[in-house]
Amino acid sequence: MAGFQSLPGFRDFYPEDFSRRQHIFRGWRTAATSFGFQEYDAPVLEPLELYKTKSGDEIEAQLFSFTDKGGREVSLRPEMTPTVCRMVGEKAGALKRPIKWFSIAEFYRYERAQKGRLRAFHQFNADIFGEAGPEAEIELIALLIQCLAGFGLTKDDFYVRLSDRDLWFFYLEALGFNDAQARSVLTAIDRYEKAGDDAFKVYTEAHGVMDADKKDRVLAFLRIKSLAELEAALAAFNSEKLTARLADWRKVIAGVSAMGLADFIAVDLSVVRGLAYYTGFVFEAFDRKGDLRALAGGGRYNDLVRKLGYADLPAVGFAIGDVTTGLLIEQRGLAPAHSTAPQVYVVIGGAAERTAAFGDIQALRAAGLRVEYPFKDLAFGKQFKAASDSGAKVALIYGGDEVAKGVVKLRDLADRSEREIPRDQAVATMRDLLRC
RNA sequence: GCGGUCAUAGCUCAGUUGGUUAGAGCACAAGAUUGUGAUUCUUGGGGUCGCGGGUUCGAAUCCCGUUGACCGCCCCA
């Protein structure tokens, strides 16, 4: 193969691919605006320091970073959260609360590409700033569900696992773990589903063998599958912190249930999410069959805006990726066939008829209809095949007889019925027929 | 960053122990068909066999390197 390849992990979007991508973006945007979120955008290139401050120096290995011609250390954005925190932080004093924003943007990570994970990908991000209570979680979880359900995906296709980092810390504290030990336990929890008992190796190396009774209680917590089980597990502890967290859990579950979305969510404390800046509820969406990577992930990050140098502003947010979402839509056969097909295909008899047709074609297009016609004179048979292949609903036929009579023949391409309409009513008739 | 599998037309693939000019289906284009589309038939364009080197009289085929894709590990904001 001569010529050039695209860079590893980067994709070309041919019209068919682009059409699928637009379908996904449209679904996300429709969901977000119906929830009252406002769209924003930001630079693709940011100071490297922004990401190091948020995630630590190790993050640089995973970034598309370089030194620009002015000697600045910069990076293509690997995520939106630090950027949106900056934007909100800069104007925090002037923004009405709650701040509900979303974006659809491309991100870049210097990682080995795998199924469902590329070096350049798009994400939908939604965040709520300025609301410390679980009302923000209810709103975002409902939006996350709608961002997938809007494509026709159901509770049998995906679900949202809900967990809570604060709850874990309070629970581990009540069991007698110190802070360093608790962090190490959470790392093990994160790996437990995949690695089994080996997940505790790091803990054992750092803090010695865990007391068998404590470990049982950690693993029991991990297996909790419902709010009722959670309440039962915590009943024995007389901890104000745990009681307060439990009250928030009841609010979230009750709110989501009242929206009729209970079947989409599962209590699953095995979700703790890798990086440590999450401060409360965390959640991830997965496909039910479990053969894809996570569809979406998010959680509360109350300290991040302050950590970046701005006001103390509570926040919760999530992101959905286009790659995994696209794979799931594809797998379930929910991808649309033609989203930008012409509505009208104009069939033209010859050179003289072409002149007549052009006037009407321009008028129809100016009226907002999607209209297509063949560049070259073709046999009628060819033109009807092309009309049918194009996905158009109707054909307008400009033959010698029609033009002479001042009419145009309108053919329904589905049932092949035909009728004549006066040329001067073509635009009005077509607008009416196609409802625009 | 580490390991495994793979790479032939736009797509899916065939190609014998190394042997002449590398094939098929689909797709695309033209014609049969100058006023009616999903059929059929005919014809056509399109390949430096991922790239580079080596072995050989001769390489799509064997060897080495390299690039990319897929799978797993690390990581997953």
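Please read all numbers here as calculations on a predicted model, not as lab measurements.

Draft legend 1. Geometry of the pattern of salt bridges. Tallied over the entire structure, the rule returns 33 salt bridges. Two residues, arginine 250 and glutamate 231, come together in a salt bridge whose shortest N-O distance is 2.5 Å. Within this pair, whereas arginine 250 is found in helix α10 (residues 240–258), its partner glutamate 231 is found in helix α9 (residues 227–234), the two being separated by 19 residues in sequence. Overall, arginine 250 belongs to the partly exposed group, its relative accessible area being 38%. Glutamate 231 gets classed as partly exposed once you look at its relative accessible area, which sits at 27%. A network of salt bridges, in which partner residues are shared, links Glu16, Asp17, Arg20 and Glu330.

Draft legend 2. Here's a closer look at the sheet that holds strand β1 (residues 38–39). Within the open sheet, the eight strands sit side by side as β1-β5-β6-β11-β10-β9-β7-β8. Their pairing is mixed. Every interior strand has two partners, whereas the edge strands, β1 and β8 (265–267), have only one. Two elements, β1 and strand β5 (residues 99–108), share two bridges in a ladder whose sense is parallel. Following the sheet pairing, glutamate 39 is matched in β5 by phenylalanine 102. The strands touched by helix α5 (residues 165–175) within the sheet are β7 (158–164) and β9 (281–287), with β7 carrying the most contacts at an inclination of about 40 degrees.

Draft legend 3. Spatial organisation of the sheet that holds strand β4 (residues 73–76). If you walk across this open sheet you meet the three strands as β2-β4-β3, and the pairing is antiparallel. The sheet is open, and its two borders are formed by β2 (45–47) and β3 (65–67), each paired with just one other strand. This sheet shows a mean twist of 35 degrees between the axes of neighbouring strands, independent of strand direction. Examined bridge by bridge, β2 and β4 share three bridges and lie antiparallel to one another.

Rules of the game
Residues numbered from 1 in each chain as written. Chains lettered and ligands numbered in written order. Predicted model: local features only at pLDDT ≥ 70, side-chain atom pairs only at ≥ 80, totals over all residues. Heavy atoms only, no water. Salt bridge = Lys/Arg side-chain N within 4 Å of Asp/Glu carboxyl O. Helix = DSSP H or I, 4+ residues; strand = E, 2+ residues; numbered from the N terminus. Buried < 20%, exposed > 50% of the residue type's maximum accessible area, 1.4 Å probe, protein only. Pairing = 2+ DSSP bridges. Contact = heavy atoms within 4.5 Å. Axes fitted to C-alpha atoms, helices over the stretch in contact; angles between N-to-C directions.

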